Amino acid sequence: METGPLVSVDWLAPRLGEADLRVVDATWYMPAENRPGLAEFEKGHIPGAVFFDIDHIADRSSDLPHMLPSPEAFAEAVSRLGLSPSHRIVVYDGHGIFSAPRVWWTLRVMGFDHVAVLDGGLKAWRAAGHPLATGAPAPEPVEISVRPQPQLVRALSDVQAAIEDSTVQILDARPAARFRGEAPEPRAGLRGGHMPGACNLPWNALVDSDGALRAPDDLRAAFAVAGINLDRPIIATCGSGVSAAVLALALARLGVDEVPIYDGSWSEWGGRLDTPVVTGP
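Summary of the structure given here. Quick caveat, the model's predicted, so the values are computed rather than measured. (Residues numbered from 1 in each chain as written. Predicted model: local features only at pLDDT ≥ 70, side-chain atom pairs only at ≥ 80, totals over all residues. Heavy atoms only, no water.)

For soluble globular proteins, nonpolar side chains are generally found buried alongside one another. Ranked by internal contacts, the top residues of the largest apolar core, which has 60 residues, are Phe-52, Val-91, Phe-112, Leu-206, Leu-213 and Phe-223. For this core, the secondary-structure elements that each account for two or more residues are helix 3 (71-80), strand 4 (88-92), helix 4 (100-109), strand 5 (115-118), helix 8 (216-225), strand 9 (234-237) and helix 9 (244-253). By residue number, the principal contributor to this core is helix 9, which donates nine residues. Residues contacting Val-91, with those up to four places away along its chain left out, are Val-24, Ala-26, Ala-100, Val-103, Trp-104, Leu-107, Val-115, Ala-116, Val-117 and Leu-118. Judged by nonpolar contacts, the second largest core, of 16 residues, contains Ile-46, Phe-51, Leu-118 and Trp-125. (Core = buried A, V, L, I, M, F, W, Y, C linked by side-chain atoms within 4.5 Å. Buried < 20%, exposed > 50% of the residue type's maximum accessible area, 1.4 Å probe, protein only. Helix = DSSP H or I, 4+ residues; strand = E, 2+ residues; numbered from the N terminus. Contact = heavy atoms within 4.5 Å.)

Here it is in structure tokens:
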């Protein structure tokens, strides 16, 4: 996207309806919240938006939550949404910034180059007094091909290797108490704690109270406090690969543009018995 990884409501509003622009609602809530994103979408969304369900456009054969789908399954699902790599795509969510970065990252993994996140999301759209649409749209399907970008994804074996490589930094977006193993994981059966050598930067430390991404200087300071060197390789991780994408988006805003995400994240690592776990700071 010519604007970088973020666009504002003021940028988006006058461009709605342009032939090559598509808007995607990526609203997702933690399972305990019992708030289906699709139901929220149908009650009110940005006019012209389509809904991207990360739990359904996913590897349905995996017992891990919303893992990346195969390129073929992704292409089939996204073509039905009318999304093509030739489009400029703006992704938003109902929180402000939370789940939209996951879809931003997923599209980029599949070779969609012109993707940005709406800063402040639906909250900012509402606050600016812009109208909402209701119901479920029926987009015109398109024929697409994808170009997977494996450099944006890390698997379990990659993280195991990174633990032994002092040049690679593992950055965990979970809340500090979960990172330290002092609070239970929201998913049953997972051990508490973190990967050896990992650093912690809770995703919500990068987002203002209004749901917008913090200013670049504030982001830089937050990464520095977390002990992250922006000039060294970083792998982003979290509970299930959603909030890790907030880290990747914030880093992209700072010009660190291709930070990979450990897709299985703690849902995979903490659910195994053969992976090392550290508790405490």
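For the pair helix 8 and helix 9, the least separation of the axes is 10 Å and the interaxial angle reads 120 degrees. One way to sum up the angle between helix 8 and helix 9 is to call them oblique. Seen along the crossing, helix 8 lies across helix 9 with a hand that is left-handed. Residue-level contacts link Pro-216, Leu-219 and Phe-223 of helix 8 to Leu-247, Ala-250, Leu-251 and Arg-253 of helix 9. When grouped by side-chain class, the residues that make up the contact of helix 8 with helix 9 number six nonpolar, no polar and one charged. (Axes fitted to C-alpha atoms, helices over the stretch in contact; angles between N-to-C directions. Parallel < 35°, antiparallel > 145°, perpendicular 65-115°, else oblique. Left-handed = near helix turned anticlockwise from the far one by under 90°. Nonpolar A, V, L, I, M, F, W, Y, C, P; charged D, E, K, R; others polar.)

Reading across from one edge, 1-5-4-2-3 is the order of the five strands in this open sheet, with parallel pairing throughout. Both outer strands of the open sheet, strand 1 (6-7) and strand 3 (50-51), are each paired with one neighbouring strand and no more. (Pairing = 2+ DSSP bridges.)

To continue, consider helix 3. Of the residues making up helix 3, those classed as buried are Phe-74, Ala-75, Ala-77, Val-78 and Ser-79. Against helix 4 lie the buried residues of helix 3. Phi for Gly-82, located one or two positions after helix 3, is positive at around 75 degrees.

Let us look at the pairing of strand 7 (residues 169-172). Along strand 7, one buried face is formed by Gln-169 and Leu-171 and the opposite face, lined by Ile-170 and Asp-172, is buried too. As defined by bridge partners, strand 7 adjoins strand 9 across four bridges and the pair is classed as parallel. Following the sheet pairing, Gln-169 is matched in strand 9 by Ile-234. Here strand 7 runs beside strand 8 (residues 199-200); their pairing, made up of two bridges, is parallel. Residue pairing in the sheet places Asp-172 in a bridge with Asn-200 of strand 8.

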